[in-house]
Each structure stands twice: as C-alpha cells, then as structure tokens.
Amino acid sequence: GDEEAVLAAFPAALRRRVLRHLYGRLLRSSYLFAGTPRTFRDALLAEARLDMFLPGVEILSVGDVAGEVCLLVQGAAEARARGGEGGGDAPARALGPGDLFGELAFFTEEPQAEAVRSLSVVRVAVLPRGSLDSLLRAYPAAARAVLANLQAHAEGLVAAQFPGGGLPPPASAPLPPSLSPTQRTALGDLLRVRSAATALAARFDEERTTQWLYAASRGALPILRQMLAEGADPDAVDFDGRCALHLAAGGGHAEAVALLLTAGATPNLVDNFGLCALSEACRYAHDGVVDVLVASGASLASVSRRPGPGPAEGGGGGD
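In this text, all values refer to a predicted model and were calculated from it rather than measured experimentally.

Student: Describe in detail empty space enclosed by the protein, supporting the description with residues and values.
Tutor: The full count for this structure, using the stated rule, is one cavity of 30 Å³ or more. When its volume is computed, the largest cavity comes out at roughly 60 Å³. Forming the walls of the largest cavity are L136, R137, P140, A143, R144, L147, A201, F204, D205 and R208. Secondary-structure elements contributing two or more residues to the lining of the largest cavity are α5 (129-138), α6 (140-161) and α7 (181-218). Class assignment for the residues of the lining of the largest cavity results in six nonpolar, no polar and four charged.

Printed below as a string of structure tokens:
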C-alpha cells in the first residue's frame, strides 16, 4: 500500500518515531548527515516525502534543476554522469539504501550532472528545498556539519580522480588542458561546493545572528534558551559590534542579562562606539541590570562613553 498515506493517519510524534525506526539508520549512515544530532535527523524525516518508483524509471535527468535532496531507502538504482568528449556514456555508479543523489546540484544550484535510474522497485525519501533550508537555519551546528561533510565528499571525489596526486591549484585559474572530462567535472564540482558552502554558512550565520540579537533586545527568554541550546554564540555581534548583552541591558531585561552571563557572555565587551552593556544599563537607569552586571565583574573603568541614539530595537522601558 501507500506507506505515506498510512503514516499520515498517525499523530506527528508517533509518525516521527515510526520513520526513525524505519529509516533513521540510513539517514545517520549517509555521508551528508554524519555527525548531526538525532533531533535534526528526526526533523528531516518528518519533513520528507516518500516516493516509490517502478524499475527502469529515470528519477533524475541530466540538466534537471535540483530542488530536493533524495535518499534511497529501499531498492537499487544507478547514477550515470553526462558523457565525455567522445559522446559515450560514463560508467554507472551503483546506488543502494542509504545513498544520496541530487545533493551536489541542490547545494551548488547547478543543473543535475547525473541521470539516476531505478533498477528495481525503489522507495526514496525526498527532502524539499524549503524544508531543508528551514531546518539548516534552525539547527546551526547541524548546518555546519552538513556543509563540512559536503565539502569533504567533493574533495574525496577529486582525490579519486588523481590517485597519484598532482592536483592542479584549487583556485579560479584555468584548469590544465590535459585533464580528462571526468577530472574537470570533479574539480569544477569541488570549486562550486566550496563557494556554495562559504556563501550558505555566511547567510545562515547572519540570519541567526539577527534572530539572536532581536530576541535579546526583547528579553525573549524562551527563544534565547532555545538558541543557546542550538549552539548560539553569546558574544555574536552586529555590524556596530553590539552583542546580545548590549541590547538586553539597554532594554532593561535583567533576567535575559543573567541568562546571557550564565551562558558565557563577556561582561565588558565593547562595541564600535566604545560602549559596553554596563554603560547601556546606566544610561537608561536600569538599576536591576546594573546590579546583575556588577555582580558578574562588569566595570566602566576602561570604557569611553559616547553619546548616541537609544538602544536598537530594545526600547527604553524597564521590566
């Protein structure tokens, strides 16, 4: 029967446990998600769509725009890269349960370079772009692990094409004309993966920092606790060098300030204007925040106060 239709009848929590039992081992053993927390992998499975294909179906074609990452969970398939300069087909790559396909095209946003065809009845867990992007943003530590795994995989593909060493410089310089089409493809994929990983990491970090600082400016304790549990940096700063402690102190959120200090925030961190969290608390007469900061060792001794506007986003009101 239709497995997805059967699972849809269960509550979400039970469905996650069933999917973990059926496919959690395969997701954990796939190279891309190695080292990620189980909560992240459970969330991936909960968002996945389960598709079934009969034998001989071309699941992905060369040149397709990949909007999803596919995990083979049952059956056998093969992936075949585009032909070389002579027009012949490249050797097929066998795919079995636990193997991924479409991930390089997904992250580099390049057309699919391999055709994937089912050899038997197969089931595929499909991770759509929107769901995967959202989960990578929500789990920054997992996102870093995924991007590192992707880059290591691309480097392994390149190393396999140069078994005796002699790799050309991995830069934007023109590749040597003596390289085979397969070698050029592997090197091109590696350069694109490195660029995509750098851009994605920067984008995720910037978005998370914005969410983190906004939560601090509002004194949103549940969000701060959740983001700390997910690996948020207590001393992350914006373009003005202002950290969460600056914004929580300027907004008069004593409990948020205490939470940040307990999480390891630096009490005397100075922004680009020479201001620290204690100077912000003094500036807006938040006596409770001043007491918390002073008790943690904060001091105005080396801070040069400069006049400026009110605290960004946090407002001047007390608790």
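So, next bit.
Student: Tell me about the pattern of salt bridges, residues and numbers included.
Tutor: Tallying each qualifying case throughout the model produces twelve salt bridges. The salt bridge partner of E207 is R137, with a shortest N-O separation of 2.4 Å. In this pair, E207 is assigned in helix α7 and R137 in helix α5, connecting sequence segments 70 residues apart. R137 gets classed as partly exposed once you look at its relative accessible area, which sits at 25%. The residue R242 makes a salt bridge to D271 at a minimum N-O spacing of 3.4 Å. Taken together, the positions of R242 in the loop between α8 (221-229) and α9 (244-250) and D271 in the loop between α10 (254-262) and α11 (277-283) put the pair 29 residues apart, joining distant regions of the chain. Look at R242 and you get buried, because its relative accessible area is 8%. One connected set of salt bridges, linked through shared partners, spans R242, D271, E280 and R283.

Cut-off values and rules
- Residues numbered from 1 in each chain as written.
- Predicted model: local features only at pLDDT ≥ 70, side-chain atom pairs only at ≥ 80, totals over all residues.
- Heavy atoms only, no water.
- 1 Å grid on protein atoms, 1.4 Å probe; cavity = no way out; pocket = protein on both sides within 12 Å on 5 of 7 lines; lining within 4 Å.
- Points joined across faces, edges and corners; volume = space filled by probe spheres on them.
- Helix = DSSP H or I, 4+ residues; strand = E, 2+ residues; numbered from the N terminus.
- Nonpolar A, V, L, I, M, F, W, Y, C, P; charged D, E, K, R; others polar.
- Salt bridge = Lys/Arg side-chain N within 4 Å of Asp/Glu carboxyl O.
- Buried < 20%, exposed > 50% of the residue type's maximum accessible area, 1.4 Å probe, protein only.

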